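# Tertiary structure, described
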Amino acid sequence: MALNFRELQQQLQPGWGCEHSGDGGQFDVLVVPSLSMDRALMALVTGAHHYEERQLFSLIRLRDPGVRAVYVTSKLLPELVVDAVLELLPGVPTSHARRRLHLFDTDDASNRPLTEKLLERPALLGRIRELLRPGRSFISCFVVTELEKQLSELLQVPLLGTDPALGQWGSKAGSRALFARCGVPHPPGSGLVTSLDDLSEATAELWEAHPQLRRCVVKLNEGISGEGNAPLELEPLQLASLSSAERRQRLRQALETLPMPAASWRDLLAQQGALVEAWLEGGEALSSPSVQGTIHPGGRVELLSTHEQILGGPSGQTYLGCRMPAEAAYRLELMRHGRAIGEALAAEGALERYAVDFIARRFEDRWDLQAIEVNLRQGGTTHPTMALRAITTGHLDPDTGLFLAPTGQPLHYRATDNLTHPDLRGLLPADLIDIVADADLHYDPARLRGSVFHLLGCLSEYGKLGMTCVGRSAEEAEAVYSGTADSLISRAMELQHPATPPGARPPGT
């Protein structure tokens, strides 16, 4: 008799949530790095299907010799890209890890979720099912939706991730409810609405309760990486001079032309809802920290990292990269809030990765932390932390919030998914590896510094690359980042625009 999703999840073992159990674990992990999200929002991500490469760092589990991994992508990953990750794993020969890794692909690069493509290919699923040991296998995903739930039930393999029935806790409205329950500070805001008229009303009520507000932010309930957020300037609207009805009419007109990154945002408003929230300003300094954790089978909460997020884009809210760890002035408070929210999520039945984003403002010698949203999935800060844990076998010190190498040396990094330059376009992954080797840019475990790369599949087509740059201090990590970016771009320019040999005629003459 087939088991349903929740019955299957009862088979999950506590040790399966650890990236390195160290106890001779014997299990199989099926990695399905599908970006199963709203297509209108995913269309804003350049080279979206190449982001399936980011979860390659989950192959850190192959450090345990009894672990086998099955990794599925839309298009077949080049051996060089896979080996570049396996060669980073300390203490295990690449050949040994490679024998326990099985790669599959759907041969379909269309702009659809990988899981959807898998469900359309029963023969491929049959070959995958044959490799997985019954009772000793689980699925690992970037995000869990009804598609991944269907995949779990079809394969009869438990999925280590939050049941989509609990997905409301990762939405904008659910996040605010969770913050209120846990006593975590968060900005004033509205409930969920599904029309422009109701959004105008909610914005008017927010301003009337806080007439000092100069700006607010409209958030689609299920937006990702800031792509569903847009600021609304209130000061130019002169709301104080208007009657209640005029105020709502003027806000309605302003919302009509809201610069939302998602072009179809009005349709999304009706489908998923939106809310309005106070835009936090003031103070001598402003930053966007976050805290990441994981919930193991059985409910144990483990904090993994803290970050300073680097934001940009048209509204200044699109995630571009991060620095680890967060500032010392509020790092421990960030971790306290992160643990409280993790334990509340665990009580609801959530599993695996979660993250909480904050805004931090400094007023003289005091920092004010305000929670912004919860992410019930892997995200932009997940794979850099995976990479660091993979290459160092280090851990997060709960007393300081610093990530420590086995020697006790604190480590820092700066990471990005968005190193872009026109001259990077056309380079193959092999070209990148050559540049990295020639310039000595790779991570060196003896010096505890250097760079680890990802999104190599985006390089040739889009001129885009991801990297995690490690150092023994924040300053060294920043220097490694700058040096790596400068060296890559300058060398790429030399390769793409070679000088004309003396006496030779330039092309076209």
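Residues numbered from 1 in each chain as written. Predicted model: local features only at pLDDT ≥ 70, side-chain atom pairs only at ≥ 80, totals over all residues. Heavy atoms only, no water.

### What to know about the overall build of the protein chain
Secondary structure summary: the protein chain contains 16 helices and 18 strands in total. The C-alpha radius of gyration of the protein chain comes to 24 Å, within 12% of the 23 Å expected for a compact globule of 509 residues. Dimensions of the protein chain, computed from C-alpha atoms along their principal axes, come out at roughly 75 × 70 × 45 Å. In the protein chain, buried positions account for 56% of the 509 residues. For the protein chain, long-range pairs separated by at least 24 residues make up 70% of all intrachain contacts whose partners lie at least 6 apart in sequence. Working note: accessible area of the protein chain is about 20800 Å², and carbon and sulfur atoms make up 51% of it. The centroid of the 48 positive side-chain charges in the protein chain is displaced by 2 Å from the centroid of its 63 negative side-chain charges. (Helix = DSSP H or I, 4+ residues; strand = E, 2+ residues; numbered from the N terminus. Rg over C-alpha atoms; globule rule 2.2 N^0.38 Å. Buried < 20%, exposed > 50% of the residue type's maximum accessible area, 1.4 Å probe, protein only. Contact = heavy atoms within 4.5 Å. Areas by Shrake-Rupley, 256 points an atom, 1.4 Å probe, with all protein chains shown as cover. Lys, Arg positive; Asp, Glu negative; His and termini not counted. Charge placed at Lys NZ, Arg CZ, Asp CG, Glu CD.)

### Observations regarding the nonpolar core
Leu62, Leu101 and Leu488 are the most contacted members of the largest nonpolar core, which totals 62 residues. Looking at this core element by element, the count peaks at 6 residues for helix α16 (residues 474-496). Setting aside residues no more than four positions away along its own chain, Leu62 makes contact with Val67, Arg68, Ala69, Leu86, Leu89, Val92, Ala97, Arg100 and Leu101. (Core = buried A, V, L, I, M, F, W, Y, C linked by side-chain atoms within 4.5 Å.)

### Considerations on the sheet that holds strand β3 (residues 101-105)
Judged by pairing direction, the sheet is parallel, and its 4 strands sit side by side in the order β3-β2-β1-β4 without closing on themselves. Only two strands of the sheet have a single neighbouring strand rather than two, namely β3 and β4 (137-141). In this sheet, adjacent strand axes meet at a mean angle of 20 degrees when their direction is disregarded. Bridge analysis of strand β1 (residues 27-32) against strand β2 (residues 67-73) gives 5 bridges, and the strand direction is parallel. Bridge pairing in β2 links Val31 to Tyr71. (Pairing = 2+ DSSP bridges. Axes fitted to C-alpha atoms, helices over the stretch in contact; angles between N-to-C directions.)

### Structural notes on the side chain of Ser190
By the element assignment, Ser190 lies in the loop between α8 (172-182) and α9 (196-209). Among all residues touching Ser190, those that are not within four sequence positions of it are Arg176, Ala202, Leu275 and Val276.

### What about the sheet that holds strand β5 (residues 215-220)?
In spatial order, the strands read β6-β5-β7; together these 3 strands make up an open sheet with antiparallel pairing. In this open sheet, the two edge strands, each paired with only one partner strand, are β6 (229-233) and β7 (274-278). On average, each strand axis in the sheet is tilted by 25 degrees relative to the strand beside it, whichever way the strands run. As paired elements, β5 and β7 share 5 bridges and run antiparallel to each other. Note on β7: the bridge partner recorded for Leu220 is Ala274. Lying over the sheet, helix α11 (residues 265-272) contacts β5 and β7, oriented at roughly 70 degrees with respect to β5.

### Remarks on the environment of Cys469
Relative to the helices and strands, Cys469 resides in strand β18 (residues 464-471). For Cys469, a relative accessible area of 0% gives the class buried. On a C-alpha basis, the gap between Cys469 and Pro65 in space is 28 Å, while along the polypeptide they are 404 residues apart. Other than its neighbours up to four places away in sequence, Cys469 contacts His412, Tyr413, Arg414, Gly450, Ser451, Ala477, Val480, Tyr481 and Thr484.

### Quick look at the pairing of strand β12 (residues 352-363)
Within β12, 10 of the 12 residues are buried, which leaves it mostly tucked inside the rest of the structure. Bridge count between strand β8 (residues 285-287) and β12: 3 bridges; the pairing is antiparallel. By the bridge assignment, Leu286 is partnered in β12 with Arg361. With 6 bridges connecting them, strand β9 (residues 289-295) and β12 associate as antiparallel partners. Each bridged residue has a counterpart across the sheet, and for Val291 the counterpart in β12 is Val356. Judged from the 9 bridges that link them, β12 and strand β13 (residues 366-375) form a sheet pairing that is antiparallel. Residue Ala355 lies in a different strand from β13, and its bridge partner there is Asn375. Hairpin remark: β12 followed by β13, antiparallel, with 2 residues in the connecting loop; positive phi at Glu364, about 55 degrees.

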